[in-house]
Amino acid sequence: MHSVEISTPRAFPKLLSTASPAPSTRHSPAKARTISTVIADNVPGLVTTSPRRPPTLRDVLPPQTPNRHTKQLANTPSRDKPQSKSPKKLSTSRPQSPTRIPRNLPPHLGTCLRLQKRAMLAELQNCSMEGDGDVSLGPTNTAAFQQLKDLLVGTVSRGEGNSCFVLGPRGSGKTTLVERAIVSLDQKPIVIRLSGYAELNDRLALREIARQLSLQTGKAYLVDVNADEDPDGDDNPFLDTACAGITVPPPSHLPALISVLPTLSRPVVVILDAFDLFALHARQALLYCLLDTAQSCRVGQGHNGIAVIGVTTRIDTINLLEKRVKSRFSGRMLRTAAPTEFSFWMKHVERVFRTPIENSEEEWEPLWCLAVDNFLADRKVLEQFQETIAITRDIRVLQRILVRHLADLGAFLTIEQVGVVTALGPSSPFPICAHLVSATQAQRIRVPFPHLSTLPYPSICLLIAAVHAHTAGHDAITFEMLYDAFREQYRASAAAPIQVAGGSISMSRCSREGFESLVAEKIFISAATSSSGIAPGFIRYRSVLTWEDVKRAVDKIGKTSLKKWLTKAH
């Protein structure tokens, strides 16, 4: 119930004489007191005016229509008067979601930010192995996953010998598909992983097979064979020859070691990454032994099964096999492809950013969710992801955009590209579009020569001279042409001599050394075959730089003379 406070003045101030109310509506002070007394009797909790507060103009004005005004005061709370100080019921409700994202992170939320970054980086590292199949594999890979799983179930459960190829472009999920199929098995097999990039010949492959078997089974195989039978020495200085407890047989006993695989206590799965490189080995002995063993493995012989899985990006790999090796292959080929739907990639990005954390502050979760919602709803952010997916559907590119990437530029410098996740900090605690734009540009369109601004002054002059030659219609250039252009520009700017490190540049400073360094960096590439009858200064070259590339380098240097000279060529 609202209360109304009405005060009755003892006398009207002189200001009231300026008002001209109607005679019929003017009331005497006695009648005003009567009205206030009636209202006080009908409205409970009515309080009187505090003697400390001076009367206001509204308090002293007489009512125009006593009956209607009295009814309104009795039913409607006053807007200008304070309400009654009676106790109110306190409503218990959840804390409201934040409507505004702070620019700087409060100090007590710094631990939550570090935990959130750690959780997102872990999700990016293991994103292909966790989550639902529809989210992490895609429709095409889901079908291939089911076929590969059925094949491995036959090997593990029934003791079959199987072989297959997993074909697909880079980043389409071939390795992820194989690893998930192995993890989904009820019985854990012995997994031997070989790579064509590391095992360059059958000897190295045999050494790796023996090492992995010894680590997984705790036994050494073919220990009675003398390793000195191998006439060829081990010419690989990067091999660890001091592996305790591991006895490696010579390559001549390769068939004997492969034939031991079906007799082990558990089924064996052999994964050959870069299978096309194994096909380049001499006589393809390793492939023949593996595929022949898998083909001869039959159900009911009392042996465990063996599966040989070849992972490659070449769809013509089967044509690289010899006739005797191809006849042992089952012919199963599983194809993988990255999803083409934009929603798949956005679900993946959203899952990374919404990775839950434990032991966080109560206000961190709604604040972080609001920041992620705003980030994913930004039109520029969606455009950046759409353009990236249109160029490549490699999930590793998406991971590099979100994490840190080091771009090695040779002996000159190393540029550190910070991703969206690693850019989070106390000064920028939430993902923003600017970090995404810089990361995508570094991954999609890399500058071929970002160190041009660090080149010596004579080399920059040669680049500007090459731009002038291209503008004049000379695509093929020689050192003598660039030297003449530089000499003419030097004579034209004699009033303002060129300064390098505090001293004026002379004609001898622009020598062939700077030109040869540009040739060595592939900035100038040969446009014709070299001949002993052509002087070095007249060999024709072609510049791979454009006017925009040289302009960016000149702008970073900031020398006015170079800017004016380059502007003449535009």
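As the structure is a computational prediction, the values presented were derived from the model and not from experiment.

## Examining the pattern of salt bridges
Stage number 1. Under the defined criterion, the tally for this structure stands at 14 salt bridges.
Stage number 2. A salt bridge links Asp484 to Arg487, with the nearest nitrogen and oxygen atoms 2.8 Å apart. One end of the pair, Asp484, and the other, Arg487, are both in helix 19 (residues 479-492), three residues apart, so they sit about a helical turn from each other.
Stage number 3. Judged by relative accessible area, which is 32%, Asp484 ranks as partly exposed.
Stage number 4. A network of salt bridges, in which partner residues are shared, links Glu350, Arg354 and Asp373.

## Observations regarding the side chain of Thr478
Stage number 1. Tracing the chain through its elements places Thr478 in the loop between helix 18 (457-471) and helix 19.
Stage number 2. Residues in contact with Thr478, not counting those within four places in the same chain, are Gly537, Phe538, Ile539 and Arg540.

## Things to note about unusual backbone geometry
Stage number 1. A positive phi angle, near 65 degrees, is found at Arg283, a position not held by glycine.
Stage number 2. Counting through the fold element by element, Arg283 comes out in the loop between helix 10 (275-278) and helix 11 (285-296).
Stage number 3. The backbone of Gln284 sits at a positive phi, close to 50 degrees, despite the residue not being glycine.
Stage number 4. For Gln284, the position within the fold is in the loop between helix 10 and helix 11.

## Overview of the packing of helix 18 against helix 19
Stage number 1. Put simply, helix 18 and helix 19 touch, their axes get as near as 9 Å, and they point 100 degrees apart. Judged on the interaxial angle alone, helix 19 and helix 18 are roughly perpendicular. Seen from helix 18, the contacting residues are Cys461, Leu462, Ala465 and Ala466; seen from helix 19, they are Leu482, Ala485 and Phe486.
Stage number 2. A per-class count over the contact of helix 18 with helix 19 returns seven nonpolar, no polar and no charged.

## A closer look at the packing of aromatic side chains
The relative placement of two aromatic rings is captured by the distance of their centres and the angle of their planes.
Stage number 1. Tallied over the entire structure, the rule returns eleven aromatic pairs.
Stage number 2. On the numbers, 5.2 Å between centres and 85 degrees between planes, the contact of Phe344 with Trp345 is edge-to-face.
Stage number 3. By relative accessible area, Phe344 is classed as buried at 9%.
Stage number 4. The class of Trp345 is buried, set by a relative accessible area of 3%.
Stage number 5. An angle of 35 degrees between the planes, with centres 5.9 Å apart, marks the rings of Phe479 and Tyr483 as tilted. Separated by four residues within a single helix, Phe479 and Tyr483 lie in helix 19, roughly one turn from each other. For the pair Phe479 and Tyr483, one class covers both residues: buried.

## Some points on the sheet that holds strand 5 (residues 332-335)
Stage number 1. Read across the sheet, five strands follow the order 2-3-4-1-5 without closing on themselves; strand pairing throughout is parallel. Edge positions in the open sheet fall to strand 2 (190-195) and strand 5, since each of these has one partner strand only. On average, adjacent strands in this sheet sit at an angle of 20 degrees to one another, irrespective of strand direction.
Stage number 2. With seven bridges joining them, strand 1 (residues 161-167) and strand 4 (residues 306-312) adopt parallel strand pairing. Note that in strand 4 the partner of Asn162 across the bridge is Ala307.

## Let's talk about the environment of Arg283
Stage number 1. The class for Arg283 is exposed, based on a relative accessible area of 63%.
Stage number 2. In this view, Arg283 contacts Glu322 and Arg324; residues no more than four positions away in its chain are not counted.

The rules we used
Residues numbered from 1 in each chain as written. Predicted model: local features only at pLDDT ≥ 70, side-chain atom pairs only at ≥ 80, totals over all residues. Heavy atoms only, no water. Salt bridge = Lys/Arg side-chain N within 4 Å of Asp/Glu carboxyl O. Helix = DSSP H or I, 4+ residues; strand = E, 2+ residues; numbered from the N terminus. Buried < 20%, exposed > 50% of the residue type's maximum accessible area, 1.4 Å probe, protein only. Contact = heavy atoms within 4.5 Å. Axes fitted to C-alpha atoms, helices over the stretch in contact; angles between N-to-C directions. Parallel < 35°, antiparallel > 145°, perpendicular 65-115°, else oblique. Nonpolar A, V, L, I, M, F, W, Y, C, P; charged D, E, K, R; others polar. Phe/Tyr/Trp six-rings, centres within 6.5 Å; stacked < 30°, edge-to-face > 60°. Pairing = 2+ DSSP bridges.

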